[in-house]
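Coordinates in review
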Amino acid sequence: MRKPVIALMALVGVGAAALLLLTGAMRAAAPPIPPHVLWGNVTVGGGPVADGVSIAAKIGGVTFSKCIKPVDLTTGPCVTKGGQYGTDVTGYQFQVVADNSDTPERDGARAGDTIQLFVAGVAAQSITFKSGTVNDGTSNPFDLTVTAIPTTSEPTGPRPTASPHVQGPLRM
């Protein structure tokens, strides 16, 4: 009778040790790190930027920005409107997302990273990432300035015209 009791105690002991190893190996998920929120005016060549110009934030050449509509948390375009980005005028909050420390890949900014902002692909100002920082209200705008941005223009020269379609046999 002693042998079954000892075997049962050994089995319970092994199970408890395995459970302790598994729970010790699994760490609690870290709470999400808040983004760095930016907003401000955008000027090109000394004047306000046109509507619809793209704004991006990159770290080491990788884009880590997104634009969120605060009312329903949907994402949208990171573009200018009324000479501004990331404001109520645009309807979207401009965020530089933070890295998720629970994943092995780099998927956002880390404390102390230099964020390079771009206006239509042209480097503008840079700022240091600080999780949870909100450059908001009237006290902390982060304005962007570039001397020029690429323009798109209509091609010059003659435009192709449609050839008339001739039905029937060709006559010579």
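In this report, we go over the structure that sits alongside the text. (Residues numbered from 1 in each chain as written. Predicted model: local features only at pLDDT ≥ 70, side-chain atom pairs only at ≥ 80, totals over all residues. Heavy atoms only, no water.)

1. Brief notes about the pattern of salt bridges
What the rule picks out here adds up to 2 salt bridges. When the shortest N-O distance is used, the salt bridge between Asp 99 and Arg 110 registers 3.0 Å. In this pair, Asp 99 sits in the loop between β9 (93-96) and β10 (114-119) while Arg 110 sits in the loop between β9 and β10, placing the two residues 11 residues apart along the sequence. Residue classification places Arg 110 among the partly exposed positions, given a relative accessible area of 38%. Across the pair Arg 106 and Asp 113 runs a salt bridge, and its minimum N-O distance is 2.1 Å. (Salt bridge = Lys/Arg side-chain N within 4 Å of Asp/Glu carboxyl O. Helix = DSSP H or I, 4+ residues; strand = E, 2+ residues; numbered from the N terminus. Buried < 20%, exposed > 50% of the residue type's maximum accessible area, 1.4 Å probe, protein only.)

2. Considerations on the sheet that holds strand β1 (residues 36-38)
Spatially, β1-β9-β6-β7 is the arrangement adopted by the 4 strands of the open sheet, whose pairing is antiparallel. Two strands in the sheet have a free side with no partner beyond their single neighbour: β1 and β7 (75-76). As paired elements, strand β6 (residues 65-68) and β7 share 2 bridges and run antiparallel to each other. Following the sheet pairing, Cys 67 is matched in β7 by Gly 76. (Pairing = 2+ DSSP bridges.)

3. Focus on the sheet that holds strand β4 (residues 55-59)
With antiparallel pairing, 4 strands are arranged side by side in an open sheet as β5-β4-β10-β11. Two strands lie at the open edges of the sheet, namely β5 (62-63) and β11 (122-128), each paired on one side alone. Here β10 runs beside β11; their pairing, made up of 5 bridges, is antiparallel. By the bridge assignment for β11, Phe 118 is matched with Ala 123.

4. Focus on the environment of Thr 74
With respect to the helices and strands, the residue Thr 74 is situated in the loop between β6 and β7. A relative accessible area of 33% places Thr 74 in the partly exposed class. For the pair formed by Thr 74 and Tyr 92, sequence separation is 18 residues and the distance between their alpha carbons is 9.0 Å. Apart from residues no more than four positions distant in its own chain, Thr 74 is found in contact with Cys 67, Ile 68, Lys 69 and Tyr 92. (Contact = heavy atoms within 4.5 Å.)

5. Side note on unusual backbone geometry
The backbone of Leu 73 shows a phi angle near 60°, a positive value even though the residue is not glycine. Position of Leu 73 relative to the elements: it lies in the loop between β6 and β7. Classification of Leu 73 as exposed rests on a relative accessible area of 63%. In this model, Ala 120 sits at a positive phi of 50°, which is unusual for a non-glycine residue. Position of Ala 120 among the secondary structure elements: in the loop between β10 and β11. Residue Ala 120 is classed as partly exposed on the basis of its relative accessible area, which comes to 23%.

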